[in-house]
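# Examining the three-dimensional arrangement
Listed below, chain by chain, are the residues.
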Amino acid sequence: MNKSHHLDNVLIKKLETFKTRGELLERLVYLPQLPKDIEFTSDSHRIQCCEEVADLHIPQPIEFEIFDTIDLMIRNGYRPRNPLNVRTWRDLHHPGTYLVPRTAPGATVVGLPGVGKSITCATILSKCYPQVIDHDDFPNAEGPVKQVVWLSVEAPHSGKARDFVDNLMEAWNTAIEQARFQRRPNSTSRRPTSDLNEWLQVAKSGFLGVLHIDEVQNLFQLSSAASRKSSNHKRELRIVEDDLLKWLLNLSNSGQIPVLYSGTPDGLDALAKRFSNAQRSTSMGYHQIPTFNQQSLSAFKNHFLIYLFEYQYTEQQIELTDELASLILELSAGIPRIVIGLWIAAHRYAIRQGHSTLSVESFELGSQKLTQMLSHGVSALMHNDRNAMSHYEDLMPGNSVFWNEFLLSNGKPPKKK
């Protein structure tokens, strides 16, 4: 990008840059306080301290790619909205006056539940960018201006536009620390799309840099497990309210606001059923966060478990071996959130049984007693059992063939088979 875009654009000037991956890593990693004086600590206190491991965050290589995408989205999204340009203000007051229509950049982060989609996006946004920048002096404006760099909202479980706009308004109020929007009563006769458009106008005036929509699968209704089984595991998903999907499309078009989507494969596939949405939601990138597996056992051991094993709350420490790493992988399907849950469960079992150290038994029995409800899904993932995975709405893999062809074709429609 031409440096002049940074020098004369006040929206970009105060955004931090990271010269090295090491600087970025320091910002993204989170390591809780290490255990100390364990031999003088009660069993109950040790178990409580072990729960802090749930906050551990070790960035995986794909997170650096996602950061690059988000950074490009924000900076490229601000480039055509330079407040020094009269056209920018004209568009704020009279949308659609650009001589050359522009579509704001979009990107997607997808993965199975527990792989770290939400925490990855939230960590990058909150640790690498200020949410709000206060400008006392702003080009072509009287008085101070609050620039909202990023906003993150969760798609409501109902999938309805009314609940979605409530989430947007609440998030905006929280970000600027003002009651800019008042919650509308459920009985209001005002259409949700009117409130969505009102929010959009405020977001444009606040120069929102990127909107992150998490749990996008909530916007869709899924067919029953029985229906999927009868149709050879085919997933039938439909938008709860079509007006909301159309509004999201408009968000990137006339709204000129970059959008980052994150969710499970089924939800992102449903979003892409409209080819226009597929284009806009991946123009800056499509990132699939993988689970660890036997092929990545070395990375699992040396770049994830090695940090986790620093947090042992028993009198003696167990050694991290390939065999133990493989066992943990088998019991967790390589999903980080389940790995952490298993780690805590093993500690609870060992400490309550009076064992001085963790053992294979700690992990096996801890898994049986405290993560039993997950065992069927974990087994399905480990053995790639599509029949077993069909019992879970959010475990079915996405249409990776479509996405690979789509991205390789630079957004052109995939060829018919």
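Higher on the page you've got the structure.
Presented here is a report on the structure given in the accompanying data block. It should be emphasised that the depicted structure is a prediction, and the values quoted were computed from it without experimental measurement.

Along the chain, the regular secondary structure elements total 20 helices and nine strands. Residue burial in the chain is summarised as follows: out of 417 residues, 50% are buried. Within the chain, contacts between residues separated by at least 24 positions form 75% of all contacts whose residues are at least 6 apart in sequence. When the accessible surface of the chain is totalled, it reaches about 20,500 Å², and 50% of it is carbon and sulfur.

A few words now on a nonpolar patch on the surface. On the surface, a cluster of nonpolar side chains totalling about 260 Å² of accessible area is made up of L31, I306 and Y307. Following the sequence through the fold, I306 ends up in helix 14 (residues 297–308). Taking relative accessible area as the criterion, I306 reaches 40% and is therefore assigned partly exposed.

The next thing to look at is the packing of helix 14 against helix 15 (residues 322–332). Running from amino to carboxyl end, helix 14 crosses helix 15 at an angle of 95 degrees, the nearest separation of the two axes being 10 Å. Regarding the angle of helix 14 to helix 15, the classification is roughly perpendicular. For the pair formed by helix 14 and helix 15, the contact residues are L297, F300, K301 and L305 on the first element and D322, A325, S326, I328 and L329 on the second. Considering only residue class, the contact of helix 14 with helix 15 consists of six nonpolar, one polar and two charged.

Looking at the largest pocket, its volume works out to about 900 Å³. Taken together, 38 residues line the largest pocket, and the ones lying closest to its centre are H57, E63, V115, G116 and P336. Tallied by class, residues from the lining of the largest pocket come to 20 nonpolar, twelve polar and six charged.

We now examine unusual backbone geometry. A positive phi angle, close to 60 degrees, is found at N140, a residue other than glycine. Residue placement: N140 occurs in the loop between strand 2 (132–135) and strand 3 (145–148). Relative accessible area serves as the criterion here: at 53%, N140 is assigned to the exposed category. A positive phi angle, near 55 degrees, is found at E215, a position not held by glycine. Within the secondary structure layout, E215 lies in the loop between strand 5 (210–214) and strand 6 (220–222).

Summarising burial for strand 8 (residues 259–263): five of the five residues are buried, a large majority. In strand 8, alternate side chains face the same way, and those of V259, Y261 and G263 on one face and L260 and S262 on the other are all buried. Pairing between strand 1 (residues 106–110) and strand 8: five bridges, direction parallel. Within strand 8, the position partnered with G106 by the bridge is V259. Taken together, the three bridges between strand 5 and strand 8 define a ladder with parallel strand orientation.

A separate point is helix 16 (residues 336–352). With 17 residues, helix 16 extends 24 Å from end C-alpha to end C-alpha; this agrees with the ideal 24 Å at 1.5 Å per step. Counting buried positions along helix 16 gives 13 out of 17 residues, so the element sits mostly inside the fold. Positioned one or two residues after helix 16, G354 has a phi angle of 80 degrees, which is positive.

Below, the discussion takes up the nonpolar core. The nonpolar side chains of a soluble globular protein tend to be buried, and buried together. If you look at the biggest cluster of nonpolar residues, it comprises 39 residues, and the most contacted ones within it are W172, W199, L211 and W247. If you list the elements that add at least two residues to this core, you get strand 4 (150–154), helix 8 (161–176), helix 9 (192–205), strand 5, helix 11 (242–252), strand 8 and helix 12 (265–271). Among the elements that make up this core, the one with the highest residue count is helix 8 (nine residues). Ignoring sequence-local partners within four residues, the contact set of L211 consists of L151, V153, L168, W199, L251, I257, P258, V259 and L260. Core analysis: the next-biggest nonpolar cluster, separate from the first, contains 35 residues, F18, L28, I124 and F207 among them.

We now examine the packing of helix 3 (residues 21–28) against helix 5 (residues 61–78). Packing of helix 3 against helix 5 brings their axes to within 11 Å, and their N-to-C directions diverge by 100 degrees. It follows from the interaxial angle that helix 3 and helix 5 lie roughly perpendicular. Here helix 3 contributes R21, L24 and L25 to the contact with helix 5, which in turn contributes F64, F67 and D68. Across the contact of helix 3 with helix 5, the residue classes tally to four nonpolar, no polar and two charged.

Right, let's talk about helix 15 for a bit. Restricting attention to buried positions, one finds in helix 15 the residues L324, A325, L327, I328, L329 and S332. Once helix 15 ends, the next one or two residues include A333, with phi positive near 60 degrees.

Residue placement: K301 occurs in helix 14. Polar side-chain contacts of K301 include one of 2.8 Å to the side chain of D322. Beyond its immediate sequence surroundings of up to four residues, K301 is in contact with I306, L320, T321, D322 and A325.

Our focus in this paragraph is the sheet that holds strand 9 (residues 285–288). Taken together, five strands build an open sheet; the order of strands is 4-5-8-1-9 and the sheet is parallel. Lying at the two open borders of the sheet, with one neighbouring strand each, are strand 4 and strand 9. Strand-to-strand twist of the sheet, defined as the mean angle between neighbouring strand axes without regard to direction, takes the value 15 degrees. Where helix 7 (residues 117–128) meets the sheet, it contacts strand 1, strand 4, strand 5 and strand 8, and its direction lies at approximately 160 degrees from that of strand 5.

So, about the packing of aromatic side chains. Considering all chains together, one arrives at 13 aromatic pairs under this definition. Relative to F138, the ring of W89 lies with its centre 6.1 Å away and its plane at 85 degrees, an arrangement referred to as edge-to-face. Note that W89 is positioned in helix 6 (residues 86–93) and F138 in the loop between strand 2 and strand 3, a separation of 49 residues in sequence. Residue class for W89 comes out buried when judged on its relative accessible area of 18%. According to the relative accessible area criterion, F138 is buried, its value standing at 3%. Through a chain of ring-to-ring contacts, three or more aromatic side chains come together here, namely F164, W172, W199 and W247.

Reading guide: rules and limits
- Residues numbered from 1 in each chain as written.
- Predicted model: local features only at pLDDT ≥ 70, side-chain atom pairs only at ≥ 80, totals over all residues.
- Heavy atoms only, no water.
- Helix = DSSP H or I, 4+ residues; strand = E, 2+ residues; numbered from the N terminus.
- Buried < 20%, exposed > 50% of the residue type's maximum accessible area, 1.4 Å probe, protein only.
- Contact = heavy atoms within 4.5 Å.
- Areas by Shrake-Rupley, 256 points an atom, 1.4 Å probe, with all protein chains shown as cover.
- Patch = residues over 30% accessible without salt bridge, like charges linked within 9 Å, V, L, I, M, F, W, Y side chains within 5 Å.
- Salt bridge = Lys/Arg side-chain N within 4 Å of Asp/Glu carboxyl O.
- Axes fitted to C-alpha atoms, helices over the stretch in contact; angles between N-to-C directions.
- Parallel < 35°, antiparallel > 145°, perpendicular 65-115°, else oblique.
- Nonpolar A, V, L, I, M, F, W, Y, C, P; charged D, E, K, R; others polar.
- 1 Å grid on protein atoms, 1.4 Å probe; cavity = no way out; pocket = protein on both sides within 12 Å on 5 of 7 lines; lining within 4 Å.
- Points joined across faces, edges and corners; volume = space filled by probe spheres on them.
- Pairing = 2+ DSSP bridges.
- Expected span 1.5 Å × (residues − 1).
- Core = buried A, V, L, I, M, F, W, Y, C linked by side-chain atoms within 4.5 Å.
- Polar contact = N/O pair within 3.5 Å; in protein donor to acceptor, adjacent residues only side chain to side chain.
- Phe/Tyr/Trp six-rings, centres within 6.5 Å; stacked < 30°, edge-to-face > 60°.

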